[in-house]
Amino acid sequence: MKRLEVRGLQIGFQTDQGWIPAVRDLSFDLGVGEILGIAGESGSGKSALALALMGLLPSNTQVRGKVLFQGGDLLQNNAESWRKIRGSKMAMIFQDPMSSLHPYLRIGDQIIEPLLIHGLANPKQAREQALACLAEMGISDPKTMLQQYPHECSGGMRQRAVIAMAVLAKPDLLIADEPTTALDVTTQREVLIWMQKWIRASGASLVFISHDVGVLSEMADQLMVMYLGQGVERGSLVEVLKRPHHPYTDGLLRSLPAMQDRNAKHFYSLAGHVPPGGSIPSGCSFHPRCPAVQDLCRTTEQMLEINQERWTACMRAKEGSWKSS
Ligand SMILES: Nc1ncnc2c1ncn2[C@@H]1O[C@H](COP(=O)(O)OP(=O)(O)OP(=O)(O)O)[C@@H](O)[C@H]1O
Ligand SMILES: [Mg+2]
């Protein structure tokens, strides 16, 4: 069953230099209880997508397409409709916990606020739920933490507070944009394991954004790779990791530390850079960096459906494999 359907999503930012296309004609589905990992280098449009899903894009933005969630198109929501569903039916976890926490309010009051605003619990029940949630996430003294102000807590504690704030209302859709990037490796692992367990137990769906395919490979059921505002590959995590159908995915995977040959003289890294916003190459937008580029790729782009669950923006995938070149 589908929880979210994104169709032909386009996001453009108006700047002094003109329009910057941040997301270009993006379509994908997210199933009930599914974790969709979204990977891609900086500037590929991951955060713009997340903000569009939550209705939080700044006013210098133009958005087109459809985002279907629970029978309605989120892009048609007015402020009142957003207020009703944001924090209850859907919630977001940002990379920087300080952007979600008010510096002068106690952690406890902030965590329980969504429950109170949406009338989902009384203050006593909300506090109990917050305590239980923080304890489950490995906070040793959650009672004290609820009384503290954000600056009195470590980065790891603050991020767990933000996660608790997002999940306590039991949203059906959770969007996490680099939720653990700022944490040390051990804390990151703990938090990720907890989030995965929470998704499995609650039946919620998660869009998990990270530039780190290694993190996604431990979390996600499905993987979508973005490049310059487009989804260039999508499929089940296992399938994509085993047999990437796009040279960009292949490059990202080969750049992973775990995939590197320890005896090699040089570590593999993707050649070239993401061009600056606004300058989209012709044809397949990855062609200037593609190790298997052919003439047709410079002028033509094509989305190839391998099966219902699996697509790639590399037209050469149909020849068997671009790797054979
Ligand atoms: N508010 C804004 N105004 C103008 N341009 C923007 C704005 N936000 C993002 N952009 C541009 O849109 C494009 C996509 O940015 P976005 O932040 O979505 O990328 P990202 O994939 O999240 O990158 P990162 O991995 O660095 O977080 C970039 O070219 C960026 O410069
Ligand atoms: Mg981002």
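Check the entry above for the structure.
Remember, predicted model here, so these are calculated numbers, not experimental data.

**Student:** Go over the site of ligand 1 with me, naming the residues and quoting the values.
**Tutor:** Taken together, 16 residues are adjacent to ligand 1, and Phe 13, Ala 22, Ser 42, Ser 47 and Gly 277 come closest. Of all the secondary structure elements, the ones that give two or more residues to the shell around ligand 1 are β1 (2–15), β2 (18–31) and α1 (46–54). When residues of the shell around ligand 1 are assigned to their parent elements, the largest contribution, 3 residues, is made by α1. Residues belonging to the shell around ligand 1 are distributed by class as follows: 5 nonpolar, 10 polar and 1 charged.

**Student:** I'd like a description of unusual backbone geometry, backed by residues and values.
**Tutor:** Backbone geometry at Lys 170 places phi at a positive 55 degrees, although glycine is not the residue there. Within the secondary structure layout, Lys 170 lies in the loop between α6 (155–167) and β7 (173–177). What makes Lys 170 partly exposed here is the crowd of 16 C-beta atoms within 10 Å. Of note in this structure, Glu 178 is not a glycine but carries a positive phi near 50 degrees. If you trace the backbone, Glu 178 turns up in the loop between β7 and α7 (185–202).

**Student:** With reference to specific residues and values, describe α6.
**Tutor:** Its 13 residues place the ends of α6 18 Å apart at the C-alpha level, agreeing with the 18 Å of an ideal helix rising 1.5 Å per residue. Among the 13 residues that make up α6, 12 are buried, leaving the element largely enclosed by the rest of the structure. What α6 keeps buried is the set Gly 156, Met 157, Arg 158, Gln 159, Arg 160, Ala 161, Val 162, Ile 163, Ala 164, Met 165, Ala 166 and Val 167. Buried positions along α6 lie against β6 (90–93), α3 (107–117), α4 (123–136), α5 (142–147), β7 and α7.

About the cut-offs
- Residues numbered from 1 in each chain as written.
- Chains lettered and ligands numbered in written order.
- Predicted model: local features only at pLDDT ≥ 70, side-chain atom pairs only at ≥ 80, totals over all residues.
- Near = placed C-beta within 6 Å.
- Helix = DSSP H or I, 4+ residues; strand = E, 2+ residues; numbered from the N terminus.
- Nonpolar A, V, L, I, M, F, W, Y, C, P; charged D, E, K, R; others polar.
- Buried ≥ 20, exposed ≤ 12 C-beta atoms within 10 Å, placed from the backbone.
- Expected span 1.5 Å × (residues − 1).
- Contact = placed C-beta atoms within 7 Å.

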